[in-house]
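One letter stands for each residue in the lines below.
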Amino acid sequence: GSTTPAAEIALVNANPVLRAESHPSLPTNTDYMGFNTTGKFEALDNRDVRVALCKAIDKANLVGEIFQGFSYPTYGILPKGFPGYNEEGLINLEPNVYDPEAAKQLLSKAGYPDGKGFPKYEMWIRDPKGKLLPLCQAIQARWKEHLGIEVELRPTDFQTFTSNLKENEPIYVVNYSQDYFDPATFLNIFRSTGRHPHSDPDWDEFYGEINALLDPEKRSAGLKEAEIRLFQDAAFYGLHCPFNIALWPCNKAGEWVEPNKDGYSFVNGAPGMFHAFEKWYWSNSDCRSQLK
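Visitor: What am I meant to see in the environment of Ser22 here?
Guide: Assignment of secondary structure puts Ser22 in strand β1 (residues 22-24). On a C-alpha basis, the gap between Ser22 and Asn244 in space is 9.9 Å, while along the polypeptide they are 222 residues apart. Among all residues touching Ser22, those that are not within four sequence positions of it are Val12, Ile245, Ala246 and Leu247. Within the structure, Ser22 has its side chain in polar contact with the backbone oxygen of Leu18 (distance 2.6 Å).

Visitor: In this structure, what is going on with the packing of helix α3 (residues 47-55) against helix α6 (residues 100-109)? I would like to understand it.
Guide: To characterise two packed helices, one gives the angle between the axes of the helices and the distance between these axes. Relative orientation of the contacting elements α3 and α6 amounts to 160°, with a least axis distance of 8 Å. In terms of orientation, α3 lies roughly antiparallel with respect to α6. In this structure, α3 crosses over α6, and the sense of that crossing is left-handed. Contacts from Asp48, Val49, Val51, Ala52 and Lys55 in α3 reach Pro100, Ala102, Ala103, Leu106, Leu107 and Lys109 in α6. Tallied by class, the residues present in the contact of α3 with α6 amount to 8 nonpolar, no polar and 3 charged.

Visitor: Quick question: what am I supposed to make of the pairing of strand β6 (residues 171-177) here?
Guide: Two faces belong to every sheet, and in a regular strand the side chains alternate between them. In terms of burial, β6 is largely enclosed, as 6 of its 7 residues are buried. In terms of strand pairing, strand β4 (residues 122-126) meets β6 through 3 bridges, oriented parallel. Bridge pairing in β6 places Ile125 opposite Val173.

Visitor: Please explain the sheet that holds β4 as it appears in this structure.
Guide: The strands making up a sheet associate through hydrogen bonds between their backbones, and the pairing can be parallel or antiparallel. Strand order in the open sheet made by the 6 strands is β3-β7-β2-β6-β4-β5, with mixed pairing throughout. The strands lining the two open edges of the sheet, one partner per strand, are β3 (71-73) and β5 (152-156). Averaged over all adjacent pairs, the angle separating strand axes in this sheet is 25°, with direction ignored. Looking at chain direction, strand β2 (residues 29-35) and strand β7 (residues 236-242) are connected through 4 bridges and run antiparallel. Along β7, the bridge assignment pairs Met33 with Tyr237.

Visitor: Looking at this structure, how should I read the pattern of salt bridges?
Guide: Side-chain pairs of opposite charge can arise where the charged atoms are in close proximity. This structure, assessed with the given rule, holds 13 salt bridges. As a salt-bridge pair, Arg47 and Glu94 come within 3.1 Å of each other at their nearest N and O atoms. With Arg47 in helix α3 and Glu94 in the loop between α5 (87-90) and α6, this pair connects stretches of sequence that are 47 residues apart. What makes Glu94 partly exposed here is its relative accessible area of 32%. Between Glu150 and Lys144 there is a salt bridge, and its shortest N-O distance comes to 3.0 Å. The exposure class of Glu150 is partly exposed, given its relative accessible area of 38%. Taken together, the shared-partner salt bridges connect Lys120, Lys144 and Glu150 into one network.

About the thresholds
Residues numbered from 1 in each chain as written. Predicted model: local features only at pLDDT ≥ 70, side-chain atom pairs only at ≥ 80, totals over all residues. Heavy atoms only, no water. Helix = DSSP H or I, 4+ residues; strand = E, 2+ residues; numbered from the N terminus. Contact = heavy atoms within 4.5 Å. Polar contact = N/O pair within 3.5 Å; in protein donor to acceptor, adjacent residues only side chain to side chain. Axes fitted to C-alpha atoms, helices over the stretch in contact; angles between N-to-C directions. Parallel < 35°, antiparallel > 145°, perpendicular 65-115°, else oblique. Left-handed = near helix turned anticlockwise from the far one by under 90°. Nonpolar A, V, L, I, M, F, W, Y, C, P; charged D, E, K, R; others polar. Buried < 20%, exposed > 50% of the residue type's maximum accessible area, 1.4 Å probe, protein only. Pairing = 2+ DSSP bridges. Salt bridge = Lys/Arg side-chain N within 4 Å of Asp/Glu carboxyl O.

Quick look at the structure:
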């Protein structure tokens, strides 16, 4: 993964057998940034401010530089391959289009030309191991460079982050992983009664009606629309989906070792999920001779 020593990665890539037995594992989690929209932080109640903060981030470049191929930028809340994944419908929405000049104009329109008068907010980061800190530092630098605003980074442990999320965190960065295999596992957290500091009664009503539908096709289309509405309002900003490279011998076979359309294999389950080895079996024991 992104924290593996470079020498070990080079060793694998230089070895034809190990390289052939390297497999990207299916991403099941998303790192994203959210904004408190409950009225506790006045500037963040303004959509123009939130969109400006999003548009000032060159996400694709940052993710490529920082995670060195072990992550991909995401344009919504769902990982690739997840039911309802909708990059095509999200990638060109206003908050996802990197445009520092447009961001600057939006911030000025909101009453903060060149960042003057903008509060110095804290960016809370649920990141006890420091994996997210380099990305947050880069975002902090982009906001200073493009918008003239400053934020203070506040990495915290899980308990401190969670206990302060609703009341004291104006901007937050966190990872969320699936609890079950349905888009609702990611979208539920943005309900006004959910765990995040997000308040939008109209979205709550739309999402509640859609999520209760029994027709699977109508529900699926409606949940995509719910994600679009949530993101278009800049309630959150998808950052990236990390993944690891798994190594397994070439004679391991079965349904779950086959890559999906995006090239990822289901190595094992997320917390609470079944494990892929239940559908593994051993096949041609001489397969390595063909890899040398």
